[in-house]
Amino acid sequence: MIKKLRIKLILVSMLSLLAVLLAIVGGINLMNVHRMIGEADSVLDILAENDGRLPMQEEFAEPENGPEYASPEVPYESRYFYVLLDEEAGVIATNIEKIAAVDQETAEEYAQAALDSGADRGFVGGYRYTVQEEESGIRISFLDCGRRIGMCRVFALNSLWISLLGMLAVFLLMMLASGRIIKPVSDSYEKQKQFITDAGHEIKTPLAIIDADAGLIEMENGPNEWLRDIQTQVRRLTGLTNDLIYLARTEEAQGRQEMLDFPLSDMMEEQICSFQALAIQNNRKFVSHIQPMLTLHGDEKMISQLVSILLDNAVKYSDAGGEIRVMLEKQGRTVHLSVFNTVESISQQELEHLFDRFYRTDRSRNSKTGGYGIGLSIASAVAAAHKGKILASSRDGHSLLITVILPA
């Protein structure tokens, strides 16, 4: 549990950091691209207004009547060309004087590609273009944006690498710090398990004395209903104490069990024989399908306890005249154990808490079944100890299917 909590803490932290970095880096790069396109379009607008050329500032009588360049160097550093087409897309004129990287044939190909796109503005290769209809034809002006695009690409890659390095640094820091962050929770959890174990052992002794004394009184004075109540409650409390101790030991022993290969199919058959007669006696239909010759690498006693809990749970909580189905089969590299039983009713909210300690679907906690609401918690702990998982589902609200998936 503590290990899973630590993993979740690191995972949530890294996902939060990833979301923030994506928002920041993505936003900065989008603004960078938007600015690059805006600057290119402003130059293209001047080209469109001046027949495909950038006029020098000194060509105007008054500076305020000249083009609004962001920098007076724009006419000198910009590389551009245009192609003039007629209504049938025939080439009328081509001007490539202000660019060296494009010849006439390439310019005409770019113009045709821009015209075929159907957009007034866009990119062809590394060139931003604008399409303008004039009296003389259709003028398509191109501005070389290769350098700007390259700078945007380099900035994006650099920001991505820096973000990845930042995430790696935070991951390493979280790996080092997460242990200290969850240490109070870990200590509290360990103390809780130790308390349950110690208290359970302390309670067992007085319970044994009470049970023995009640037996002696019964021998001297004969049986009566008060003694029967005492003995019944002592047995219930003893069973609950044993279950709590077993649950605590199971959680403490995770990763330290003595794992051996054992015949899982044979063990299942034995368990089914024990519960089948009880199910028939309680007017339940019992059906089983066990794949033969299956073995499992694990703790046989713990797996036997898990199977016993599931079968006992199915017999106790199935409705009168209901059905119980047990299935064991191998699927790929995992073994699936399924126990199905009909119930009067069960909700999705109850399914979510089914493996919680002391949780019972009988809210009055006055069930005649005698359960403590801890059996499925033990089953969950056993599955976790074998690196497996246990799931509960209901297809119609009137049945319960518990599936245990264990590595084969």
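Here, every reference points to the structure presented above.
A brief report on the enclosed structure follows.

Conventions and cut-offs
Residues numbered from 1 in each chain as written. Predicted model: local features only at pLDDT ≥ 70, side-chain atom pairs only at ≥ 80, totals over all residues. Heavy atoms only, no water. Axes fitted to C-alpha atoms, helices over the stretch in contact; angles between N-to-C directions. Helix = DSSP H or I, 4+ residues; strand = E, 2+ residues; numbered from the N terminus. Parallel < 35°, antiparallel > 145°, perpendicular 65-115°, else oblique. Left-handed = near helix turned anticlockwise from the far one by under 90°. Nonpolar A, V, L, I, M, F, W, Y, C, P; charged D, E, K, R; others polar. Core = buried A, V, L, I, M, F, W, Y, C linked by side-chain atoms within 4.5 Å. Buried < 20%, exposed > 50% of the residue type's maximum accessible area, 1.4 Å probe, protein only. Contact = heavy atoms within 4.5 Å. Pairing = 2+ DSSP bridges. 1 Å grid on protein atoms, 1.4 Å probe; cavity = no way out; pocket = protein on both sides within 12 Å on 5 of 7 lines; lining within 4 Å. Points joined across faces, edges and corners; volume = space filled by probe spheres on them. Salt bridge = Lys/Arg side-chain N within 4 Å of Asp/Glu carboxyl O. Expected span 1.5 Å × (residues − 1). Arc of directions from axis to C-beta.

## What about the packing of helix α1 (residues 2-49) against helix α4 (residues 146-181)?
Turning to step 1, where the next piece is worked out: Across the interface, α1 lies against α4 with an axial gap of 10 Å and an inter-helix angle of 165°. Compared by their axis directions, α1 and α4 come out roughly antiparallel. Between α1 and α4 lies a crossing of right-handed hand.
Turning to step 2, where the next piece is worked out: When its residues are assigned to classes, the contact of α1 with α4 shows 20 nonpolar, 8 polar and 3 charged.

## Side note on the nonpolar core
Turning to step 1, where the next piece is worked out: Counting 45 residues, the largest nonpolar core has Leu264, Met268, Ile303, Leu306, Leu310, Val326 and Leu337 as the members making the most contacts within it.
Turning to step 2, where the next piece is worked out: Aside from chain neighbours lying at most four places away, what touches Leu310 is Leu337, Val339, Leu376, Ala379, Ile390, Ile402 and Val404.
Turning to step 3, where the next piece is worked out: Judged by nonpolar contacts, the second largest core, of 15 residues, contains Ala114, Tyr129, Val131 and Ile138.

## A few points about the sheet that holds strand β4 (residues 127-134)
Turning to step 1, where the next piece is worked out: In spatial order, the strands read β2-β1-β5-β4-β3; together these 5 strands make up an open sheet with antiparallel pairing. Single-partner strands in this sheet number two, and they are β2 (91-95) and β3 (121-124). Between one strand and the next, the sheet's axes are offset by a mean angle of 25°, whatever the strand orientation.
Turning to step 2, where the next piece is worked out: Of the pairings in the sheet, the one linking β4 to strand β5 (residues 137-144) comprises 8 bridges and is antiparallel in character. Bridging across to β5, Tyr127 finds its partner in Asp144.

## Observations regarding the packing of helix α8 (residues 300-317) against helix α10 (residues 375-385)
Turning to step 1, where the next piece is worked out: For the pair α8 and α10, the least separation of the axes is 9 Å and the interaxial angle reads 145°. Classified by chirality, the crossing of α10 by α8 is left-handed. Across the interface between the two elements, Met302, Ile303, Gln305, Leu306, Ile309, Leu310 and Asn313 of α8 pack against Gly375, Leu376, Ile378, Ala379, Val382, Ala383 and Ala385 of α10.
Turning to step 2, where the next piece is worked out: Within the contact of α8 with α10, the residues separate by chemical class into 11 nonpolar, 3 polar and no charged.

## Comments concerning unusual backbone geometry
Turning to step 1, where the next piece is worked out: Even without glycine at this site, Ala89 takes up a positive phi of about 65°.
Turning to step 2, where the next piece is worked out: Its location among the elements puts Ala89 in the loop between β1 (80-85) and β2.
Turning to step 3, where the next piece is worked out: The class of Ala89 is partly exposed, set by a relative accessible area of 25%.
Turning to step 4, where the next piece is worked out: Residue Lys387 is not a glycine yet carries a positive backbone phi of 60°.

## Let's talk about empty space enclosed by the protein
Turning to step 1, where the next piece is worked out: Applying the stated rule across the entire model yields 2 cavities of 30 Å³ or more.
Turning to step 2, where the next piece is worked out: Surrounding the largest cavity, Leu264, Ile303, Leu306, Val307, Leu328, Val335, Leu337 and Leu406 form its lining.
Turning to step 3, where the next piece is worked out: Looking at the lining of the largest cavity, the element that brings in the most residues is α8, giving 3 residues.
Turning to step 4, where the next piece is worked out: Grouping the constituent residues of the lining of the largest cavity by class yields 8 nonpolar, no polar and no charged.

## Some details on the pattern of salt bridges
If the charged atoms of two oppositely charged side chains come close together, the side chains can form a pair.
Turning to step 1, where the next piece is worked out: Applying the stated criterion across every chain, the model contains 7 salt bridges.
Turning to step 2, where the next piece is worked out: Among the salt bridges present, the one from Glu39 reaches Arg35, with a minimum N-O distance of 3.2 Å. Placement of both Glu39 and Arg35 in helix α1 is noted, with a separation of 4 residues, approximately one turn of the helix.
Turning to step 3, where the next piece is worked out: Glu39 sits in the partly exposed class, given a relative accessible area of 34%.
Turning to step 4, where the next piece is worked out: For Arg35, a relative accessible area of 58% gives the class exposed.
Turning to step 5, where the next piece is worked out: Note that Asp312 and Lys316 form a salt bridge whose closest N and O atoms lie 3.2 Å from each other. One end of the pair is Asp312 and the other is Lys316, both in helix α8 and 4 residues apart, which spans about a single turn.
Turning to step 6, where the next piece is worked out: Exposure remark for Asp312: the relative accessible area of 25% places this residue in the partly exposed category.

## Considering the environment of Pro55
Turning to step 1, where the next piece is worked out: Checked against the element boundaries, Pro55 lands in the loop between α1 and α2 (74-77).
Turning to step 2, where the next piece is worked out: On the basis of relative accessible area, Pro55 is assigned to the buried category, the value being 2%.
Turning to step 3, where the next piece is worked out: Along the primary structure Pro55 and Met31 are separated by 24 residues, whereas in three dimensions their C-alpha atoms are 29 Å apart.

## Structural notes on helix α3 (residues 104-117)
Turning to step 1, where the next piece is worked out: Over its 14 residues, α3 runs 20 Å from end to end, which matches the ideal 20 Å to within 8%, given 1.5 Å per residue.
Turning to step 2, where the next piece is worked out: Listing the buried residues of α3 in full gives Ala107, Ala111 and Ala114. Down the axis of α3, the buried side of the element spans an arc of 65°, and every buried residue falls inside it. Those residues of α3 that are exposed and angled more than 90 degrees off the buried face are Glu105 and Asp116.

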